[in-house]
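# Commentary on secondary and tertiary structure
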Amino acid sequence: MHAIILTVHIIACLLLIGFVLIQHGKGADAGAAFGGGGGGASGSLFGSQGSASFLSRASAILAAIFFITSLTLAYFSVDKPGKVKSVTESVPTTQQKVDKTPADLPELP
């Protein structure tokens, strides 16, 4: 279950990045109105306003999927009660044997 949600999360993330990068900004319409941009808004693939609404709706849906999968992954990552609660408790302790001072070194006063 975790792997499926993680896969959907990564795919939604990559698609969301792609759709946001494809969208044009608000200032691009002002430049097209003054003769820039070649064919203008009427020559676009989705019509004059169709591309903006399609890309913005797709981005909103992908953002919702990304948000839901983020919350689901966060819920599944929470430790269940009864497990170790601290990092220091999970580290194994080792007892080091302290030898006496070697014979060739003098004793400290």
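As a reminder, the structure under discussion sits directly above these lines.
This is a predicted model, so every value here is computed, not measured.

Let's shift gears to the packing of aromatic side chains. We describe a pair of aromatic rings using the distance from one ring centre to the other and the angle between the two ring planes. Applying the stated criterion across every chain, the model contains two aromatic pairs. Relative to Phe76, the ring of Tyr75 has its centre 5.7 Å away and its plane inclined at 55°; by these criteria the two rings are tilted. Its relative accessible area of 39% is what places Phe76 among the partly exposed residues.

Structurally, Ser59 is set in helix H3 (residues 50–77). Overall, the relative accessible area of 10% leaves Ser59 in the buried class. A distance of 2.8 Å separates a polar atom in the side chain of Ser59 from a polar atom in the side chain of Gln23. Apart from residues no more than four positions distant in its own chain, Ser59 is found in contact with Leu16, Phe19, Val20 and Gln23.

About the cut-offs
Residues numbered from 1 in each chain as written. Predicted model: local features only at pLDDT ≥ 70, side-chain atom pairs only at ≥ 80, totals over all residues. Heavy atoms only, no water. Phe/Tyr/Trp six-rings, centres within 6.5 Å; stacked < 30°, edge-to-face > 60°. Buried < 20%, exposed > 50% of the residue type's maximum accessible area, 1.4 Å probe, protein only. Helix = DSSP H or I, 4+ residues; strand = E, 2+ residues; numbered from the N terminus. Polar contact = N/O pair within 3.5 Å; in protein donor to acceptor, adjacent residues only side chain to side chain. Contact = heavy atoms within 4.5 Å.

As far as function goes, none of this settles anything; it's purely spatial.
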